[in-house]
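Chain by chain, the residues run as shown.
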Amino acid sequence: MKSYTVDQIRTMFLEFFRSKDHRILPSASLIPHGDPTLLLTVAGMVPFKRQFLGLEKPVHPRIATSQKCIRTADIDNVGKTDRHGTFFEMLGNFSFGDYFKKEAIAWSWEFVVEHLQLPIDKLWVSIYLDDDEAFEIWHNDVGVPAERIVRLGKEDNFWETGSGPCGPCSEIHIDRGKEFGCDDPDCKPGCDCDRFFEFWNLVFIQFHQDGDTYTPLEQKSIDTGMGLERVAALLQGKTSIFEVDNLRPVLDGVGRLADVVYGENPQADVSLRVIADHMRAVAFLVADGVLPSNEGRGYVLRRLIRRAVRHGRLLGIEGPFLNKVADWVVEQMKGAYPELVEREEYIFRVVGLEEQRFGETLEQGMRLLKELVAKGKERGLTEIEGKDVFKLYDTFGFPIDLTREILAEEGFSVDEAGFAEAMEAQRERARQSRTEHGYLDSSLAAYTELAGAVTTDFVGYEHGDVTTRIVGIIVDSHAVDRAEEGQQAAVVLEKTPFYAEGGGQVADQGVIETETGRVRINDVRLPVRGLISHLGVVEDGYIAVGSTAQAKIGQDHRKATARHHTATHLLHRALKDVLGDHVNQAGSYVGPDRLRFDFTHFQAVSDAELRRIEDQVNEEILQNSPVIPTITDLESAKKQGAMALFGEKYEQEVRMVQVGEHSLELCGGTHVSATGEIGLFKVLSEGSVAAGVRRIEAVAGSQALAYVRTQERILEGVRSKLQVPVDELPETVEKLLESNRKLEKEMASVKKQNVLAALDSLVAGAVKAGDAYIVVAEVQAEQAEDLRTLGDRIRDRLDPAAILLGAKSENKVLLLSMVSKSLTQTGLHAGQVVKQAAQICGGGGGGRPDMAQAGGSRPEKLAEALESGLEFFRAHLEGISK
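Residues numbered from 1 in each chain as written. Predicted model: local features only at pLDDT ≥ 70, side-chain atom pairs only at ≥ 80, totals over all residues. Heavy atoms only, no water.

Participant: Is there a simple way to explain the overall build of the protein in this structure?
Facilitator: If you tally the helices and strands in the protein, you get 26 helices and 34 strands. Counting contacts in the protein only where the partners sit at least 6 residues apart, residues at least 24 apart contribute 68% of the total. For the protein, the accessible surface area stands at approximately 41,600 Å², while carbon and sulfur atoms represent 47% of it. Placing the 102 positive and 137 negative side-chain charges of the protein at their respective mean positions leaves the two points 4 Å apart. (Helix = DSSP H or I, 4+ residues; strand = E, 2+ residues; numbered from the N terminus. Contact = heavy atoms within 4.5 Å. Areas by Shrake-Rupley, 256 points an atom, 1.4 Å probe, with all protein chains shown as cover. Lys, Arg positive; Asp, Glu negative; His and termini not counted. Charge placed at Lys NZ, Arg CZ, Asp CG, Glu CD.)

Take a look at the structure:
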């Protein structure tokens, strides 16, 4: 076989299908925009799910891509096998109601045989059990011998997800030779051994599934997928995807950091593979705008980074190292993905910060592990509970093997059954929250009949009140002809002034009226391309499909929202000017009440910076700069420097909004016509929402004025109470605070003196038991620190001593026990006595043998608790003196 690089194979594939009249599209983002069923792009067809459903018209009936993908379902197998990885590229060609099986099969064979030059006598194909059509094409048209066409069942060769488009599959395999196989003389595709290597899957989308019912589709489609790394390994004569030309250099780089050579130590090889694979996924996720967090795709990213750090430690790599690996990833992938170079510094900052934070978390995990060991020894245990071990694994990123090793050194084992149970519970939660990487569910089915037949013309940029016609009504997910008073309905209009929620901006509100009824609209959505759905309640009469209607938005709601939206653009520009070009939008909310803007930045914004940002926005407002929207093509907009969101999916025709001379963004939202209409802009707050993400909340216009007046009322209230002019308030408040600090210090001194005043009487009242002293008493103390001070002073004057002190403080009990070192060697344990006393007082606690403290919620039981402590001490001390 002829060897090709990964870049060569990718180019060959795309150029081959370009010659077959396919539109070549760049890889979509790893964030599946507009698809709530998936966290990440997991297959080449994901960006085209709506097209396969007929909800959107494709840009071309034939498309080919090389799509970056991430799957983590088998993350625990990464590094342990030759084929498992989290990040991969999927080569795919797609037909939307155009060509079907005959062309798809013929072209796949042509590419495999004539371009990849794979040996024909080694190639096998599998088809679905009763797909005779595919058999005839493979055998009669292509010429594959019947004995090398294997029929397999649904589990292997039928693509379905329970509902929606589905169909049989056909896979192309290559025979790697008997040395990879089993001893079965009838070994062929479908066998569990590694002899037959599947590298291209052709899905024939020809049915619509509804439970057990399969209805033939009028427009049949094609969805194929070929793993780029898998076919590269095959052509380069490698047994592992980790040895292909664009991944092996990364792996070897990690080896140099760890001073190990790949292939010499199987255990080290696993860690080298994990780090190389995970950092490819990390670099692309961050470049597409994902940030580490504790939920959703952010958690996927955090987990990948932490696993990479952990395996670095297993290799003996100390200190931060992930950015070196990320740099090698960028170097290997920049030819196909130049955006990695553009965002390289940003990737380094995100990864570096998360690596640093995990280093701190790792230390916390080690402390927890030591605590578990100490408690286990105290209780005489030899096994650590599975739920605690799972917490180390899940929260602190401790691999189970590392935990086992550390525990074994301390004479402990792991509750394996409990750990497995906790792990399975987590996997079940993940399965329930994860939708299979199939096609969209049928929740939008009610709109599919309308899609294509009608479209909604949005005229809201120019008009707020239009005469239109109702072309569709949906109630309870079903298309209906009319909706009655009191019903919640989704109304589709021929044309509309209502802006649908999108780009962070809330939807318009308003009314739709006909001669027979009125609908109060409280939300507007874009369920499918070309249709705008108005959601509301029929509050009077009824509405019917075909009726002429008057659609009118709430102008106050629209204008207030527009002021905040334009202010958001000015804020974005000011953030970049003041903080740096690394600032990018990471989320937003634009409504009539306020704006919220999330942005990438790696430290708190100082008060001085916030003031500069706020001033810049208000200066632009005072200039009354024009706000100019323009429709242009995406490439032209980018050349003009228009800001676009990380990973956002844009059409070829885009709307560009220019505010003044400096702000230029791609945006479909509603805006004021000049910045002076915004009025005042005021920042309310700034804070952190995730690692590397900050949030500013602000108000504009009448909302800003209302905020200022609220602050003025508060200020006037304080001025009135203090009876001083406003300009003297800071000095007056500072004097009050200083006076308060002095009083608190004096009170603390008095309390301490009161506590110590009891020292002499406590020492004098000590009970002698053998050679030791027992001090058990209720004292006056408001804080545990007061008890510790008193206990230390008693122990200084009496040695050896067994002490139990109790105090009532605000309906609670404070308890402290101290035991001299010499007495702890006899087995006397402060933690045991304080725990016994705390239980009587309705509380709990514990500690070391020489010092322990606790609390309770029943002060009326304190005397009884102290008496039990006295008996505890006496019994022990008298026992050892005999």
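We are not done yet, so read on.
Participant: I tried to follow the packing of aromatic side chains on my own but got confused; where do I start?
Facilitator: To describe a pair of aromatic rings, you give the distance between the ring centres and the angle between the ring planes. If you walk through the whole model with that rule in mind, you get 25 aromatic pairs. Plain terms: the ring middles of Phe158 and Tyr214 are 5.8 Å apart, the flat faces sit at 85° to each other, and that makes the pair edge-to-face. Taken together, the residues span a long stretch of sequence, with Phe158 in strand β6 (residues 158-159) and Tyr214 in strand β9 (residues 213-227) at a distance of 56 residues. Accessibility expressed as a relative area gives 27% for Tyr214, which makes it partly exposed. For the pair Phe284 and Tyr337, a centre-to-centre distance of 5.0 Å together with 85° between the ring planes defines the contact as edge-to-face. Here Phe284, found in helix α8 (residues 266-287), pairs with Tyr337, found in the loop between α10 (322-333) and α11 (339-342); they are 53 residues apart in sequence, far enough to count as distant. In this structure, Phe284 and Tyr337 share a single accessibility class: buried. An aromatic cluster of at least three residues, connected via ring pairs, comprises Phe13, Phe16, Phe17, Phe111 and Trp200. The side chain of Arg256 reaches across the aromatic face of Trp328, ending 5.7 Å from its centre. (Phe/Tyr/Trp six-rings, centres within 6.5 Å; stacked < 30°, edge-to-face > 60°. Buried < 20%, exposed > 50% of the residue type's maximum accessible area, 1.4 Å probe, protein only. Lys NZ or Arg CZ within 6 Å of the ring centre and 35° of its normal.)

Participant: Can you help me understand the packing of helix α1 (residues 6-18) against helix α6 (residues 228-235) in this one?
Facilitator: When two helices pack together, their arrangement is given by the angle between the helix axes and the distance between those axes. It is the contact of α1 with α6, at a shortest axis distance of 10 Å, that shows an interaxial angle of 115°. As for how α1 packs across α6, the hand of that crossing is right-handed. Side by side, α1 and α6 meet where Val6, Ile9 and Arg10 of the first sit next to Leu228, Val231, Ala232 and Leu235 of the second. Grouping the amino acids of the contact of α1 with α6 by side-chain chemistry returns 6 nonpolar, no polar and 1 charged. (Axes fitted to C-alpha atoms, helices over the stretch in contact; angles between N-to-C directions. Left-handed = near helix turned anticlockwise from the far one by under 90°. Nonpolar A, V, L, I, M, F, W, Y, C, P; charged D, E, K, R; others polar.)

Participant: Hey, could you run me through the confidence of the model for the protein in this one?
Facilitator: Atom-level detail of predicted coordinates should not be read off regions where pLDDT is low. Residue-level pLDDT values for the protein average 90, and 96% of them are 70 or greater. Confidence drops under pLDDT 50 across residues 433-442; counting only partners more than four residues distant or on other chains, this segment forms 32 contacts. (pLDDT = per-residue confidence, 0-100.)

Participant: Explain the pattern of salt bridges here, please?
Facilitator: A side chain of one charge can pair with a side chain of the opposite charge when the charged atoms of the two come close. What the rule picks out here adds up to 51 salt bridges. Note that Lys68 and Asp288 form a salt bridge whose closest N and O atoms lie 3.2 Å from each other. A residue pair is termed long-range when its members are at least 10 positions apart, and Lys68 in strand β2 (residues 62-70) and Asp288 in the loop between α8 and α9 (296-314) qualify at 220 residues. The salt bridge involving Arg151 is made with Asp132; its shortest N-O contact spans 3.1 Å. Of this pair, Arg151 sits in strand β5 (residues 149-152) while Asp132 sits in helix α4 (residues 132-142), placing them 19 residues apart in sequence. Given a relative accessible area of 33%, Arg151 falls into the partly exposed group. (Salt bridge = Lys/Arg side-chain N within 4 Å of Asp/Glu carboxyl O.)

Participant: Would you take a moment to explain the nonpolar core for this structure?
Facilitator: What tends to happen in soluble globular proteins is that the nonpolar side chains get buried as a cluster. Counting 104 residues, the largest nonpolar core has Ile9, Leu118, Leu123, Trp138, Phe199, Trp200 and Met279 as the members making the most contacts within it. Per-element tally for this core: the top contributor is α8, with 13 residues. Those residues in contact with Trp138, other than ones at most four positions away along the chain, are Ile105, Ser108, Trp109, Val125, Ile127, Gly143, Val144, Ile149, Ser170, Ile172 and Leu202. Core analysis: the second largest hydrophobic core is formed by 28 residues, Ala567, Val583, Val605 and Val617 among them. (Core = buried A, V, L, I, M, F, W, Y, C linked by side-chain atoms within 4.5 Å.)

Participant: Would you mind going over the pairing of strand β31 (residues 801-808) with me for this structure?
Facilitator: The side chains of a regular strand alternate between the sheet's two faces. Burial within β31 is extensive, with 7 of its 8 residues counted as buried. Two elements, strand β30 (residues 772-778) and β31, share 6 bridges in a ladder whose sense is parallel. In the strand pairing of β31, Ala777 is matched with Leu805. With helix α23 (residues 784-797) bridging β30 and the parallel β31, this β-α-β connection has right-handed handedness. Pairing of β31 with strand β32 (residues 813-819) involves 7 bridges; the strand directions are antiparallel. Bridge pairing in β32 links Ala807 to Leu814. Between the end of β31 and the start of β32, which pair antiparallel, lie 4 residues, with Glu810 showing a positive phi angle near 50°. (Pairing = 2+ DSSP bridges. Right-handed = clockwise from strand over helix to strand, strands pointing away.)

Participant: Even after reading the chapter, I still don't get the sheet that holds β31, so can you show me in this structure?
Facilitator: The strands making up a sheet associate through backbone hydrogen bonding, with each pair oriented either parallel or antiparallel. Ordered in space as β29-β30-β31-β32-β34-β33, the 6 strands form an open sheet in which the pairing is mixed. Two strands bound the open sheet, and with one partner strand each, they are β29 (767-769) and β33 (844-847). Taking the axes of each pair of neighbouring strands and ignoring which way they run, one obtains an average angle of 15° across the sheet. For β29 and β30, the ladder comprises 3 bridges, and the chain directions are antiparallel. Bridge pairing links Ala769 to Ala772 in β30. Contacts from α23 reach β30, β31, β32 and β34 (851-856) within the one sheet, and its direction differs from that of β32 by about 25°.

Participant: I would appreciate a short explanation of the sheet that holds strand β24 (residues 627-633) in the present structure.
Facilitator: Across the sheet, 3 strands lie side by side as β24-β25-β26; this open sheet has antiparallel pairing. Each having just a single partner strand, β24 and β26 (663-666) make up the two edges of the open sheet. Here the average twist between neighbouring strands, direction ignored, is 25°. Across 4 bridges, the pairing between strand β25 (residues 653-659) and β26 is antiparallel.

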